[in-house]
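Tertiary structure, described
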Amino acid sequence: MPKAAYIHIPFCEHICYYCDFNKFYLKNQPVNEYLQALETEMAMVVAEQPTKSLQTLYVGGGTPTALTADQLAQLLASIKRTLPLSDLEEFTFEVNPDSIDEEKLDVLRSYGVDRLSIGVQAFQPLLLKEIGRTHDQKSVEQAVEKSRQAGFANLSLDLMLGLPKQTPEMFAETLKEAFALEVEHLSCYSLKVEAKTVFYNRQRQGRLTLPPEDDEVKMYRQLCYETEKHGFKQYEISNFAKKGYESRHNLVYWNNDEYYGFGAGAHGYVGGVRYMNHGPLPKYLQAMEEGRRPVFESHHVSRVEQMEEQMFLGLRKRSGVEERVFVERFGVSMFSLYEKQIAQLVARCLLERTDDRVRLTDEGLLLGNEVFEQFLAVLDEGKQQ
Ligand code: SF4
């Protein structure tokens, strides 16, 4: 039974050059029709695959705050009507600094949103322009201030490293500004150039210069060092929180637990099946109009795949993968299943093994993907039934 739900709002007021999320330029989009369809989908899925109560809810995008205050109220009212929320512990909303105001914040608060994730990426105008963002430092400061005034006690900032023209000095400055805002949580991801983005095209044309790898490593080390110095605990490769402010919703993903995914292009994991909804709006809306699930593709996760996911998702957490949890879930020991891989990674100082778990070392944090790969295609499906 899923204890979490992700809801996707695929509209943006501008398109960032690095973004490969499912999103559409807001102007002239059928927003109200989409919100209606979303309610139909939530009601339909929960009726088909019920759960007792959700513990975490995450509204992301796109830019959820690109909706008007009235549309936000409509969305939140439909969430309240359709989803079981009696035991809800965390309700996060993604916020863009230049599309949030007091009225929208009041609407979010009045419907029980208690955590905001604010998309900052960087503070330097030069870098923001490079990546196609339209906000500035002032709007971030105002977004934080207004959120506090509206009563939000749990704020997270999203930052990025490895941006074009970004130097370690600039990144240090960004971190300093972020700490000055006294938020409870920081996420910081490295730029990845993904297909179908402006950056991808520029890279193919030889018009994209990214910082040298050494600089990127330097920035990541700064991130780990400075966050610790400022009282944040690194609990995942790219996530840092003050005590008690870890994102419970994101931990659902890394713990390999199930969750609903609602909206165009959303991913979900329910009843042992991972699925992805139609991304294009006409397809999504048409499915809902015809009264069928808007699922584009789905995949029943085999036992071996579940074990692999348990390893590579769990290793993203600083606490690593616990033997007790693995045995409880699969009835076998990960230490014996992956004995050779674990020993090799420990010998390369990328993994640390204790009596009850395996976790990445500081060195392993920098080479996460290389570590995760070692746990793929190792087990034989036939022998693990
Ligand atoms: S990064 Fe966020 S704001 Fe920018 S285009 Fe993607 S979804 Fe929209």
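Computed from a predicted structure; not experimentally measured. (Residues numbered from 1 in each chain as written. Predicted model: local features only at pLDDT ≥ 70, side-chain atom pairs only at ≥ 80, totals over all residues. Heavy atoms only, no water.)

A few words now on the domain arrangement of the protein chain. Once the domains are mapped, the protein chain shows domain 1 (4–254) and domain 2 (321–384). Counting residues at the interface gives five residues for domain 1, matched by five residues for domain 2. A per-residue breakdown of the area domain 1 buries against domain 2 is headed by Tyr-220, Arg-221 and Ile-237, which together make up 77% of the total. Applying the counting rule to domain 1 against domain 2 returns zero salt bridges. Taken together, the links from domain 1 to domain 2 amount to zero residue pairs in polar contact (both at pLDDT 80 or more). Of the residues forming the side of domain 1 that touches domain 2, the biggest block, three residues, is contributed by helix H8 (residues 213–229). A per-class count over the side of domain 1 that touches domain 2 returns three nonpolar, one polar and one charged. (Domains from an automatic or database assignment. Contact = heavy atoms within 4.5 Å. Buried area = accessible area lost by both parts, 1.4 Å probe. Salt bridge = Lys/Arg side-chain N within 4 Å of Asp/Glu carboxyl O. Polar contact = N/O pair within 3.5 Å; in protein donor to acceptor, adjacent residues only side chain to side chain. Helix = DSSP H or I, 4+ residues; strand = E, 2+ residues; numbered from the N terminus. Nonpolar A, V, L, I, M, F, W, Y, C, P; charged D, E, K, R; others polar.)

Right, let's talk about the site of the ligand for a bit. Near the ligand, the surroundings consist of Cys-12, His-14, Ile-15, Cys-16, Tyr-18, Cys-19, Phe-21, Gly-61, Gly-62, Thr-63 and Arg-133. Residues that form the shell around the ligand fall into these classes: six nonpolar, four polar and one charged. (Near = heavy atom within 4 Å.)

Glancing now at helix H3 (residues 102–110). Within the span of H3, buried status applies to Lys-104, Leu-105, Val-107 and Leu-108. Down the axis of H3, the sector holding all buried residues measures 160°, keeping them to one side. In H3, the exposed positions angled more than 90 degrees off the buried face are occupied by Glu-103 and Ser-110. In this fold, the buried residues of H3 make contact with helix H2 (69–82), strand S5 (90–95), strand S6 (115–121) and helix H5 (137–149). You can read the cap of H3 off the contacts: a side-chain oxygen lies 3.2 Å from the backbone nitrogen of Glu-103, and it is on Asp-101. Immediately beyond the C-terminal end of H3, within one or two residues, lies Gly-112, with a positive phi of roughly 90°. (Buried < 20%, exposed > 50% of the residue type's maximum accessible area, 1.4 Å probe, protein only. Arc of directions from axis to C-beta.)

Here the focus is the sheet that holds strand S13 (residues 273–277). In a beta sheet, neighbouring strands are held together by backbone hydrogen bonds and run either parallel or antiparallel to one another. With antiparallel pairing, three strands are arranged side by side in an open sheet as S12-S13-S14. At either end of the open sheet lies a strand with only one pairing partner, and these are strand S12 (267–270) and strand S14 (295–300). The mean angle between the axes of side-by-side strands here comes to 20°, regardless of whether they run parallel or antiparallel. Pairing geometry for S13 and S14, over five bridges, is antiparallel. Across the sheet, residue Tyr-275 finds its bridge partner in S14, namely Ser-298. (Pairing = 2+ DSSP bridges. Axes fitted to C-alpha atoms, helices over the stretch in contact; angles between N-to-C directions.)

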